[in-house]
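Reading the structure
One letter stands for each residue in the lines below.
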Amino acid sequence: MTAGGDPTPVLEVCHATLVRGTARVLDDVSFRIARGAHTAVLGPNGAGKSSLLRLLAFEDRALHRAEPPVRWFGRDRWDVSELRAHVGIVSLDLDQRFAAGTRAGRVSGLEAAVSGLLGSHAVF
């Protein structure tokens, strides 16, 4: 249980499997992140970090088994804009998908952080 007394994890992923085409890009991934925890996702190129972030942002959907594969704050159903008001996710996808029309053709670290904070893809 956390200091605030709420045992509900911020994020829970239960046996998530993500398939693209015929490839399993994530296979039976499970973890929990408690309130107040600091977490980093590390791994080599092709390990599935971006796929995991897309799954957590509900941009991709995992195969559904007996229980929902992704829960934020105990809920498995979200209006994505509502979730973005609670969670900021920043990845390289932001730079690749949205930076082409910017003045520098890239997203700065500050712009990426502010986009995550505000739950927006294009504050710059």
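Residues numbered from 1 in each chain as written. Predicted model: local features only at pLDDT ≥ 70, side-chain atom pairs only at ≥ 80, totals over all residues. Heavy atoms only, no water.

**Some details on the layout of surface pockets**
Of the pockets and cavities examined, the largest pocket occupies roughly 440 Å³. Every residue lining the largest pocket is counted, 22 residues in all, and those nearest its centre are Ile33, Thr39, Trp72, Gly88 and Ile89. Those elements that provide at least two residues to the lining of the largest pocket are strand E2 (23–33) and helix H1 (49–56). Residue contributions to the lining of the largest pocket peak at 3 residues, all from H1. (1 Å grid on protein atoms, 1.4 Å probe; cavity = no way out; pocket = protein on both sides within 12 Å on 5 of 7 lines; lining within 4 Å. Points joined across faces, edges and corners; volume = space filled by probe spheres on them. Helix = DSSP H or I, 4+ residues; strand = E, 2+ residues; numbered from the N terminus.)

**Structural notes on the pairing of E2**
Alignment of strand E1 (residues 11–20) against E2, held across 7 bridges, turns out to be antiparallel. Directly across from Leu18, in E2, lies its bridge partner Leu26. In this structure, the hairpin formed by E1 and E2 is closed by a connection of 2 residues, where Gly21 is found at a positive phi of approximately 65 degrees. (Pairing = 2+ DSSP bridges.)

**Digging into the sheet that holds E1**
If you trace the 3 strands from one edge of the open sheet to the other, you get E2-E1-E3, paired in antiparallel fashion. Strand pairing shows two members of the sheet lacking a second neighbour, E2 and strand E3 (70–72), which therefore form its edges. Shown here is a sheet whose adjacent strand axes are inclined to one another by a mean of 20 degrees, direction ignored. Contacts between H1 and the sheet are confined to E1, E2 and E3, with E1 contributing the most and set at about 115 degrees to the helix. (Axes fitted to C-alpha atoms, helices over the stretch in contact; angles between N-to-C directions. Contact = heavy atoms within 4.5 Å.)

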